[in-house]
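Listed below are the residues making up each chain.
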Amino acid sequence: MRRTAVVAAVVAGLSAFAAPSAIQGGERSAASLDIAYAVALQPDGKLVVAGRTASGHWRFALARYDDRGRLDPRFGTGGTVVTDFGSHGYSYASAIAVQRDGKLVVAGRGRISAVDDFAIGRYTARGSLDPTFGRGGKTLTGFGSARGFSAWANSLAIQPDGKAVVAGTSGKSASRFALARYTTAGKLDRRFGRHGVVTTIQPSGQPSAVALQRDGKIVAAGTSFGGEREKIALERYTAEGRLDPSFGTGGKVITAIGSWNDGRALALQRDGKLVVAGQSGDDFAVSRYTATGRLDRSFGKGGDVVTPFGVRQDGNGLASTDEALAVAVQPDGKIVAAGASDVSGRSGEQHCCFDDFALVRYTADGRLDRSFGDGGKVLTEFDGNASVHAIVIQPDGKIVAAGGGAGSFALARYTSRGQLDRTFGNGGRVTTRFRD
């Protein structure tokens, strides 16, 4: 496979399918051997899901489902595809996007020697590696790996010209925002940043999501680790890979909502505003920004909304932990955030702490949408831990959530009112376990 080694540089100056960076730091569904981190909707209505399988060792895992939630036998082997990246049995897919020609671009992490690289693969519509991309369908990109720098991709987006923009993290003692852009042949685009890559060092942080604006500018959202607490971080780049000085301060925006918070997912509205979802304290948090990087004061309370999904403290001194890991904007402007909540008493536990699929829908001005689920919120149980890592909204208004639970890919589809769609899978749920 192709491995492009580059030295990380300091740079002065459609929609994304993101897999939140919970992968790197004690992921919520730690019990899962197979877990989905990304989902994409094909024009024919089929759903393609990407993540990892850990049967033997970690590998890229893909599955394709028809509109009823059944594995598509015309994709891969019985509807699934498993691919090794790197040479040390440690790779997983974090993001997926569908090209206009139906090919699938998948990004994640692959290990070479003792460090990890951006791992990018392209598959045909039938699930075979595309030999016209990279080397045999694969590309690995290192960020100063000779000095022990690791890198992993969390999100990707496809430009109108077919080039793929990939965002993730690079670093050794401190993590940095890292972006790379690839040509349609799977080579680094040398006209982007420095030799195809961009890294920004201050403050320390990692992006979880990337999105493309209509004007070609690139927005990455994630978490800043500078100072005494974590904060939401956004960076905007020009189409050439330079920080955009018209956005925030020198191209960067850092926001603190509560005592500590992070950004896990990003969505663009049609009017150019940016919606970021994540966590503040132990609650769901959603913030909206103007196109210039200012908090949108017309949204929620001064630009953000914090939603406790479960209880803050129960009779046994236990508090629930609620975290948004995915976000999408509906055509009507309503915002759906999804992730996990370990509300006491769910999934059969006495008090805590099994995670369940958790979804919240907000009106366009940041209020809970009472027409959705139970007062704006939905909880869905799977066996054991289950968390949503990606969502997609279908043209008919149905919402598909993908993640992991009990060692399997886990999917659920909801009606526009937040009820499980009984025409999908088993009463609205689907689980898939990969096997060698």
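Residues numbered from 1 in each chain as written. Predicted model: local features only at pLDDT ≥ 70, side-chain atom pairs only at ≥ 80, totals over all residues. Heavy atoms only, no water.

Undergrad: Please clarify how the overall build of the protein chain should be interpreted in this entry.
TA: A count of helices and strands for the protein chain gives 0 helices and 30 strands. Residue burial in the protein chain is summarised as follows: out of 436 residues, 61% are buried. Summing over all exposed atoms, the protein chain offers an accessible surface of approximately 16,100 Å²; the carbon and sulfur share of this is 48%. (Helix = DSSP H or I, 4+ residues; strand = E, 2+ residues; numbered from the N terminus. Buried < 20%, exposed > 50% of the residue type's maximum accessible area, 1.4 Å probe, protein only. Areas by Shrake-Rupley, 256 points an atom, 1.4 Å probe, with all protein chains shown as cover.)

Undergrad: Please explain the pattern of salt bridges as it appears in this structure.
TA: As a working rule, side chains carrying opposite charge can pair if their charged atoms are close by. All told, the structure shown has 25 salt bridges when counted by the stated rule. The salt bridge partner of Arg111 is Asp116, with a shortest N-O separation of 2.7 Å. Its relative accessible area of 2% is what places Asp116 among the buried residues. Taking the shortest distance from any N to any O, the salt bridge between Arg181 and Asp189 comes out at 2.8 Å. Through salt bridges with shared partners, a single network forms among Lys46, Arg64, Asp72 and Arg74. (Salt bridge = Lys/Arg side-chain N within 4 Å of Asp/Glu carboxyl O.)

Undergrad: It is not clear to me how the packing of aromatic side chains should be interpreted in this structure. Could you clarify?
TA: The geometry of an aromatic ring pair comes down to the distance between the two centres and the angle between the two planes. Tallying each qualifying case throughout the model produces 8 aromatic pairs. For the ring pair Trp58 and Tyr90, a centre distance of 4.8 Å and an interplane angle of 15° mean the geometry is stacked. Here Trp58, found in the loop between β4 (47-53) and β5 (59-65), pairs with Tyr90, found in the loop between β6 (80-83) and β7 (91-98); they are 32 residues apart in sequence, far enough to count as distant. Summarising the aromatic geometry, the rings of Phe118 and Phe143 are spaced 4.8 Å apart at their centres and angled 55° between planes, so their arrangement reads as tilted. Of this pair, Phe118 sits in strand β9 (residues 115-123) while Phe143 sits in strand β10 (residues 138-143), and the two are 25 residues apart along the sequence. The exposure classification of Phe118 matches that of Phe143, with both residues buried. Taken together, the ring pairs connect Tyr37, Trp58, Tyr90 and Tyr92 into an aromatic cluster. In this structure, Lys138 is placed above the aromatic ring of Phe85, and the distance from its NZ or CZ to the ring centre is 5.2 Å. Positioned over the ring face of Phe382 is Arg429, at 5.9 Å from the centre of the ring. (Phe/Tyr/Trp six-rings, centres within 6.5 Å; stacked < 30°, edge-to-face > 60°. Lys NZ or Arg CZ within 6 Å of the ring centre and 35° of its normal.)

Undergrad: Please clarify how the pairing of strand β20 (residues 274-280) should be interpreted in this entry.
TA: Among the 7 residues that make up β20, 7 are buried, leaving the element largely enclosed by the rest of the structure. As judged from the 7 bridges shared by strand β19 (residues 261-268) and β20, these two strands associate in the antiparallel manner. Within β20, the residue paired with Ala265 across the bridge is Ala277. With antiparallel pairing between neighbouring strands as the criterion, β19 and β20 make up a hairpin whose turn holds 5 residues, including Gly272 at a positive phi of roughly 90°. Across 7 bridges, β20 lies against strand β21 (residues 283-289) in antiparallel orientation. When the sheet's bridge partners are listed, Val276 is paired in β21 with Ser287. From the end of β20 to the start of β21, which pair antiparallel, there are 2 residues, and Gly281 there has a positive phi angle of about 65°. (Pairing = 2+ DSSP bridges.)

Undergrad: Before we go on, may I ask you to explain the pairing of strand β13 (residues 175-182) in this structure?
TA: It is a general feature of regular strands that their side chains alternate between the two faces of the sheet. When you tally the buried positions in β13, you get 8 out of 8 residues, the bulk of the element. What you see with β13 is no split at all: Ser175, Phe177, Leu179 and Arg181 on one side and Arg176, Ala178, Ala180 and Tyr182 on the other are buried throughout. The pairing of strand β12 (residues 164-171) with β13 spans 8 bridges and is classified as antiparallel. Each residue of the ladder has a partner; that of Thr169, found in β13, is Phe177. Strand direction decides the pairing type here: β13 and strand β14 (residues 197-200), joined by 4 bridges, are antiparallel. Residue pairing for β14: Ala180 is matched across the bridge by Val197.

Undergrad: Honestly, the sheet that holds strand β26 (residues 377-380) in this entry has me stumped. Any pointers?
TA: Strand pairing in a sheet relies on backbone hydrogen bonds. The paired strands run either parallel or antiparallel. The 4 strands lie next to each other as β23-β24-β25-β26, forming an open sheet whose pairing is antiparallel. The strands lining the two open edges of the sheet, one partner per strand, are β23 (322-329) and β26. The average angle at which neighbouring strand axes cross in this sheet is 20°, direction not considered. (Axes fitted to C-alpha atoms, helices over the stretch in contact; angles between N-to-C directions.)

Undergrad: Help me out: how do you make sense of the side chain of Ser341 in this one?
TA: Of note, Ser341 is situated in strand β24 (residues 335-341). Look at Ser341 and you get buried, because its relative accessible area is 0%. Here Asp322 takes part through its side chain, which lies 2.6 Å from a polar atom of the side chain of Ser341. (Polar contact = N/O pair within 3.5 Å; in protein donor to acceptor, adjacent residues only side chain to side chain.)

Undergrad: What is the right way to read the confidence of the model for the protein chain from this model?
TA: Low-pLDDT stretches of the model should not have their predicted coordinates read in fine detail. Scored by pLDDT, the protein chain comes out at a mean of 86, with 84% of its residues at no less than 70. Every residue in residues 2-31 scores below 50 in pLDDT, and together they form 113 contacts with partners more than four places removed in sequence or on other chains. (pLDDT = per-residue confidence, 0-100. Contact = heavy atoms within 4.5 Å.)

Undergrad: Help me out: how do you make sense of the environment of Arg242 in this one?
TA: Inspection of the secondary structure assignment puts Arg242 in the loop between β17 (231-237) and β18 (252-255). Spatially, the C-alpha atoms of Arg242 and Ile218 are 9.7 Å apart, while their sequence positions differ by 24 residues.

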